[in-house]
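Chains, contacts and geometry: an overview
Each chain is listed here by its residues.
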Amino acid sequence: MSQKHATTLISSLCSRGAVCHARALFDEMPDRDVVAWTAMLSGYASNGLRREALDVFRRMVAAGAAPNEYTLSSVLTACRGPCAPATAMPLHAVAVRRGVDRMPYVVNALIDSYASLAEGVVDARRLFDALGSGRTAASWTSMIAGYARWGKERTGLRLFKTMLKDGVELSTFACSIALHACTLVMDLCLGQQLHLQCIKKALDVNLAVVNSLIDMYCTCARILDARSLFDGTPDRNLITWNTMIAGYSQCDPLMALQLLLEMNDEPNCFTLTSITSACADLAALRCGKQVHGAVLRRSYSDDLQMGNALVDMYSKCGSITNAKNVFDRMGCKDKFSWTSMIAGYGMNGYGNEAVQLFSSMIHAGVHPDHVVFLNLISSCSHAGLVDEGWNFFRSMINEYNLQPNKEVYGSVVNLLARAGRLREALDLIDMMPFAPDEYVWGALLGASKMHNNVEMGRLAARKITEINPDDVKNYIMLASIYAAGSKWGEYAFTRRSLRGIGSRKEAGISWIEVMDKMYSFTAADSSSPQVCLADEVLHILSQHMDDVGTGTVKSIDWEDLAIPQGFCGPVYLLATPSTTSTKNF
DNA sequence: TGAAACTACG
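Residues numbered from 1 in each chain as written. Chains lettered and ligands numbered in written order. Predicted model: local features only at pLDDT ≥ 70, side-chain atom pairs only at ≥ 80, totals over all residues. Heavy atoms only, no water.

With that out of the way, let us pick up unusual backbone geometry. Backbone geometry at Asn401 places phi at a positive 55 degrees, although glycine is not the residue there. With respect to the helices, strands and loops of the structure, Asn401 is situated in the loop between helix H24 (386-398) and helix H25 (406-418). Under the relative-accessibility criterion, Asn401 is labelled exposed at 69%. Positive phi outside glycine occurs at Ser486, with the angle close to 60 degrees. As for its placement among the helices and strands, Ser486 is situated in the loop between helix H29 (472-484) and helix H30 (488-501). (Helix = DSSP H or I, 4+ residues; strand = E, 2+ residues; numbered from the N terminus. Buried < 20%, exposed > 50% of the residue type's maximum accessible area, 1.4 Å probe, protein only.)

Turning to the UniProt feature "repeat: PPR" (unreviewed entry) in chain A, a few remarks are in order. In this structure's numbering, the residues bearing the UniProt feature "repeat: PPR" (unreviewed entry) are residues 33-67, 136-170 and 334-368. For residues 136-170, helix accounts for 74% and strand for 0%, while the C-alpha atoms at its two ends are 12 Å apart. Spanning residues 334-368, this segment combines 74% helix with 0% strand, and its end C-alpha atoms are found 11 Å apart. (UniProt positions renumbered as here; feature names shortened; annotations may be inferred.)

A separate point is the nonpolar core. Ranked by internal contacts, the top residues of the largest apolar core, which has 158 residues, are Ile10, Met40, Met244 and Leu444. Built from parts of two domains, this core gets at least three residues from each of domain 1 (333-404) and domain 2 (424-506). In contact with Leu444, other than residues within four places in its own chain, are Ala417, Leu422, Ala425, Leu426, Ile429, Met456 and Ala460. (Core = buried A, V, L, I, M, F, W, Y, C linked by side-chain atoms within 4.5 Å. Domains from an automatic or database assignment. Contact = heavy atoms within 4.5 Å.)

Running from N to C, helix H13 (residues 207-219) and helix H15 (residues 238-251) cross one another at 5 degrees; their axes reach a closest spacing of 9 Å. By the angle between their directions, the pair H13 and H15 is classed as roughly parallel. Of H15, the residues touching H13 (which contributes Leu207, Asn211, Ile214, Asp215 and Cys218) are Ile239, Thr240, Thr243, Met244 and Gly247. When grouped by side-chain class, the residues that make up the contact of H13 with H15 number 5 nonpolar, 4 polar and 1 charged. (Axes fitted to C-alpha atoms, helices over the stretch in contact; angles between N-to-C directions. Parallel < 35°, antiparallel > 145°, perpendicular 65-115°, else oblique. Nonpolar A, V, L, I, M, F, W, Y, C, P; charged D, E, K, R; others polar.)

Looking now at the packing of helix H11 (residues 172-185) against H13. Contact geometry for H11 and H13: axes closest at 9 Å, N-to-C directions at 10 degrees. Of the possible angle classes, the one that applies to H11 and H13 is roughly parallel. Counting all contacts with H11, which are made through Thr172, Cys175, Ser176, Leu179, His180, Cys182 and Thr183, the residues of H13 involved are Ala208, Val209, Ser212, Leu213, Asp215, Met216 and Thr219. Residues belonging to the contact of H11 with H13 are distributed by class as follows: 7 nonpolar, 6 polar and 1 charged.

Along the polypeptide, Arg126 turns up in helix H8 (residues 121-131). By relative accessible area, which is 55% here, Arg126 ends up exposed.

Below, the discussion takes up the packing of aromatic side chains. Tallied over the full model, the rule gives 12 aromatic pairs. Consider the rings of Phe373 and Tyr400, whose centres lie 5.7 Å apart with planes at 55 degrees: the pair is tilted. With Phe373 in helix H23 (residues 370-383) and Tyr400 in the loop between H24 and H25, this residue pair connects regions lying 27 residues apart in the sequence. Note on Tyr400: relative accessible area 24%, which makes it partly exposed. When the ring of Tyr409 is compared with that of Phe434, the centres are 6.0 Å apart and the planes differ by 75 degrees; the resulting orientation is edge-to-face. Within this pair, whereas Tyr409 is found in helix H25, its partner Phe434 is found in the loop between helix H26 (422-431) and helix H27 (438-450), the two being separated by 25 residues in sequence. The class of Phe434 is partly exposed, set by a relative accessible area of 30%. Among the aromatic side chains, those forming a connected cluster through ring pairs are Phe358, Phe373, Phe392 and Tyr400. (Phe/Tyr/Trp six-rings, centres within 6.5 Å; stacked < 30°, edge-to-face > 60°.)

Glancing now at the side chain of Ser74. Here Ser74 shows up in helix H5 (residues 69-78). Within the structure, Ser74 has its side chain in polar contact with the backbone oxygen of Tyr70 (distance 3.0 Å). Apart from residues lying up to four places away in sequence, Ser74 is in contact with Thr38, Leu41 and Ser42. (Polar contact = N/O pair within 3.5 Å; in protein donor to acceptor, adjacent residues only side chain to side chain.)

Turning our eyes to something else, we now look at the protein's contact with DNA strand B. Among the 39 residues in the neighbourhood of DNA strand B, the closest are listed as His5, Tyr105, Thr141, Asn211 and Asn242. When the atoms of DNA strand B within 4 Å of the protein are grouped by moiety, sugar and phosphate amount to 37% of the total. A distance of 2.3 Å is found between a base oxygen of DNA strand B and a side-chain nitrogen or oxygen belonging to Thr141. Going through the elements one at a time, helix H1 (3-15), helix H3 (34-46), H5, helix H7 (104-114), helix H9 (137-149), H11, H13 and H15 are the ones with two or more residues in the surface near DNA strand B. Residues of the surface near DNA strand B, tallied by class, amount to 12 nonpolar, 22 polar and 5 charged. (Near = heavy atom within 4 Å.)

If you walk through the whole model with that rule in mind, you get 21 salt bridges. The closest approach of N and O atoms between Arg135 and Asp129, which form a salt bridge, is 4.0 Å. With a relative accessible area of 24%, Arg135 lands in the partly exposed category. The closest approach of N and O atoms between Arg421 and Asp387, which form a salt bridge, is 3.4 Å. With a gap of 34 residues between them, Arg421 in the loop between H25 and H26 and Asp387 in helix H24 connect regions that are remote in the sequence. Relative accessible area serves as the criterion here: at 49%, Asp387 is assigned to the partly exposed category. Connected via shared salt-bridge partners are Arg80, Asp112 and Arg149. (Salt bridge = Lys/Arg side-chain N within 4 Å of Asp/Glu carboxyl O.)

Time to look at the environment of Leu416. Note that Leu416 resides in helix H25. The exposure class assigned to Leu416 is buried, which follows from its relative accessible area of 1%. Discounting residues that sit within four places of it in the chain, Leu416 has contacts with Val386, Trp390, Arg421, Glu424, Ala425 and Leu428.

Let us look at the state of the cysteines. A full pass over the atoms with the stated rule returns 0 disulfides. The thiol sulfur of Cys175 is not disulfide-bonded, and the nearest other cysteine sulfur, from Cys198, lies at 3.0 Å. Of the cysteine sulfurs around Cys182, a residue in no disulfide, the closest is that of Cys220, at 7.9 Å. (Disulfide = S-S within 2.5 Å.)

The terminal C-alpha atoms of H11, which comprises 14 residues, lie 20 Å apart, in line with the 20 Å expected from a rise of 1.5 Å per residue. Looking at the packing, one finds that the buried side of H11 touches H9, helix H10 (153-165), helix H12 (188-200) and H13. With a side-chain oxygen lying 3.4 Å from the backbone nitrogen of Phe173, the N-terminal cap of H11 falls on Ser171. Directly beyond the C-terminal end of H11, a positive phi value near 55 degrees is found at Met186. (Expected span 1.5 Å × (residues − 1).)

Okay, structure coming up:
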């Protein structure tokens, strides 16, 4: 077999994913020229095997073969991402030495490579500017994508407009990059204009463009527009499904699960991250555990976003032990991992653990932000750690130079007010550098009710009704404060003004997941015999717990409890055997 | 004669 034939075969094998066979053939070749080396190198690169690609390049240089413009653009592509900054400069030097540094494919790959580091965007722009009229479509799109990658979406979009003014034809690449930038800044208006252009130029037959459009509509809260695009695209790929599922996981988690059942592709790490977050929002522990199993079987557990989603899911499902297990096993953690775990402790009432974890986070060298402090203070609030919470508020300002935002002030007001320090809470509201909103006053109102403080309750309620006169729950809250304080005249007046608004307080619905089915119920719900039975059993159990508490009974003996026949525990009380749709991961 | 290269979407 000639060298050329072997090279053709190598790239053909690689394009079908048979990299190992290609490599076996490559190793058999007695002589390899630049083209053969380059074919093997780009074969690895196009299959995502960056390290191997880079290794081939090193061996090639060591073997004395001179890299040309093909080789350099391939190897630059191979080391995109985190390792790019370290390799871009030396490879640039090689390109200059070989005299190929101004060839379009090489420059474009260099622009992309430099722009894969935030600090490199300036160098990328220098290369881009030096190109002058030598720019190709890829030069523009690489530069625009570089800006969008590092929070300079607006600069990217301006460059996009310049590109069009310069007469560069709108391509599918440029279109999906610009749409992605629109998504990042949630510019629905420009996104819609681009959509129109896509239709005009028939670019909407391209799947990457459609996927970007779906993502843009999902992020801009236009889930129905996203869905109609999704439905109008019969040739979907995994990214299409993942984008739609991720969109639903933000606004309609049940639909996200439904879509998972409908997809025929194998779910991957992205899919399962969105599904985990949908389970978190539904507080569906059984489903979440099933997804966790699927994650473990596929060895996705090392993925950072996946780990963060699992910690969040277990926390929101109330399974703090599992949350901590996942957290502890995570190979690398970011700010979000720590925040999720602290929030998890907080929402489950483990204030001290939240505080302790915060110290570990600082010890690990992670800088806290507003969200961390918000969760930390609210953890303290729920656990009654008032002084600790207050100290965190102060250290946020003094030690970490963070200016508390409205939400943080709200949580500190909540912290003080719940602890009965209503006066201090009010002083803090007066000191706030923001106009207090209904949530801040709402915290004070709730605490006034908790501590039977009529004066403070009246003030908070007045402030809230100035901001939002239509929210019924505040009138009800105020009325019950008056009732508790025996202010019957004002109680009657408040109830009357309620009638004028003419709506009822929305019932707080609780739910429980039993055997893959969700059951919802309200307080004192008598609509279903099962709920009534559950109520009866709960009553028996709490009576029993009281007995244990007072030492009357030592431990729970199910035989002693007058549990209705056929039920082995309260959890199964509501269970109805049912055939629900299942999916084997 | 024929082989190898840049930019996009979760």
